[in-house]
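Residue-level structure breakdown
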Amino acid sequence: MLKITSAEFLQGVADLHQLPKNELKEVLFIGRSNVGKSSLLNKMCNRKNLARSSNTPGKTREINYYIVNNQFYFVDLPGYGYAKVPEQMRAGWKRMIEDFLKRGRPIALGMQLIDSRQEPTPLDLMMMDWLEYYEIPYLLILTKADKLPVSKLTKQLEGYKVRFNQQLTEGSCRGIVPFSILSTDGKGELLRLIDVHMNHAMSQKKEAV
Ligand SMILES: Nc1nc2c(ncn2[C@@H]2O[C@H](COP(=O)(O)OP(=O)(O)OP(=O)(O)O)[C@@H](O)[C@H]2O)c(=O)[nH]1
Ligand SMILES: [Mg+2]
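To start, this report covers the structure provided alongside it.

Each value, and the rule that gives it
Per-chain numbering applies: the sequence of each chain, read as written, is numbered from 1 onward. Numbering of ligands from 1 and lettering of chains from A proceed in the order in which they are written. Given that this is a predicted model, residues contribute local features only at a pLDDT of at least 70 and side-chain atom pairs are listed and counted only at 80 or more, while totals for whole chains, interfaces and linings are drawn from all residues. Joined through C-beta atoms within 7 Å, a set of buried Ala, Val, Leu, Ile, Met, Phe, Trp, Tyr and Cys residues constitutes a nonpolar core. Each residue is classified by how many other C-beta atoms fall within 10 Å of its C-beta atom, where C-beta atoms are placed from the backbone; a count of 20 or more means buried, 12 or fewer means exposed, and values in between mean partly exposed. In this text, helices come from DSSP runs of H or I with a minimum length of four residues, and strands from runs of E with a minimum of two, each type numbered from the N-terminal end. Once C-beta atoms have been placed from the backbone, residue pairs whose C-beta atoms lie within 7 Å are recorded as contacts. Note on pairing: two strands pair once DSSP finds at least 2 bridges between them. Only the contacting stretch of a helix is used when fitting its axis, a line to C-alpha atoms as for every element, and angles between N-to-C directions run 0 to 180 degrees.

Val-27, Phe-29, Tyr-66, Val-75 and Met-111 are the most contacted members of the largest nonpolar core, which has 44 residues in total. Broken down by element, the residue count for this core peaks at six residues, all from strand 5 (residues 107-115). Discounting chain neighbours no more than four positions away, the residues touching Val-27 are Phe-72, Tyr-73, Phe-74, Val-75, Ala-108, Leu-109, Met-111 and Ile-194.

In structure tokens, the structure reads:
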């Protein structure tokens, strides 16, 4: 079982030339502004303020790198979809994320976060298409699960499973997991899944050599 024993902020990347040059595996945190990316990252690391919750949504333009167990990276991607962001900044975000994915970074797993109370937005769907296109294994994480009664959450989960059945069975989606920072329920399962995909990514690398 993966245990996170250390986690430190490494750097904020505004220009992709600054991306770390080593080969450490990466776990990506992807989702719209305010969906809970930083909260999830903090919860996974048992830290309150490792990833700062931005009080100005949409303003974070940097890709934030955290080094975990001195072994792999948690990568907090800038949130998208904030209504008040000017068109020019949106285009900049899109270019940055696509350039990032194109670079063929050693990504072990993508965590695509969606608010459990909502349907995926067009930008969420675009992100999922990109993950599929680049064959990056990813999880759909339904955040803020505490905000729904259990029956509604179950229904949402079932709806997502039906809707994304093809991605689950033939594509790169490796699971749909409800999550809440107010409970410890989903954390063990996420750590297990990160571990599985980290090991998988490492063994693939060895085979390729
Ligand atoms: N009730 C509840 N609130 C949550 C949960 N996860 C996040 N929040 C709250 O949602 C707000 C946004 O969370 P963040 O983690 O900052 O969201 P983010 O995706 O990092 O946002 P950006 O950095 O702006 O892209 C904060 O007020 C969190 O406390 C959850 O599981 N349950
Ligand atoms: Mg954040």
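Moving on, we come to unusual backbone geometry. At Asn-34, a position not held by glycine, the phi torsion is positive, near 80°. Relative to the assigned elements, Asn-34 resides in the loop between strand 2 (26-31) and helix 1 (37-44). With 18 C-beta atoms packed within 10 Å, Asn-34 lands in the partly exposed category. Despite not being glycine, Asn-69 shows a phi value in the positive range, around 55°.

Right, let's get into the pairing of strand 2. With respect to burial, strand 2 is a largely interior element, six of its six residues being buried. The side-chain alternation of strand 2 yields two buried faces, one formed by Glu-26, Leu-28 and Ile-30 and the other by Val-27, Phe-29 and Gly-31. Pairing of strand 2 with strand 4 (residues 72-76) involves four bridges; the strand directions are parallel. Residue pairing in the sheet places Phe-29 in a bridge with Asp-76 of strand 4. Sheet analysis places strand 2 next to strand 5, joined by six bridges and oriented parallel. Bridge assignment links Gly-31 to a residue of strand 5, and that residue is Leu-113.

With respect to topology, seven strands assemble into an open sheet ordered 1-3-4-2-5-6-7, the strand pairing being mixed. The sheet terminates laterally at strand 1 (7-13) and strand 7 (173-178), the two strands that pair on one side only. Each strand axis lies, on average, 20° off the axis of its neighbour in the sheet, ignoring direction. Relative to strand 7, strand 6 (residues 138-143) runs parallel, the two sharing four bridges.

Counted residue by residue, strand 3 (residues 63-68) has five buried out of six residues, so it is predominantly covered. With five bridges connecting them, strand 3 and strand 4 associate as antiparallel partners. Note on strand 4: the bridge partner recorded for Asn-64 is Asp-76. The hairpin formed by strand 3 and strand 4 contains three residues between the paired strands, and Asn-69 there has a positive phi angle of roughly 55°.

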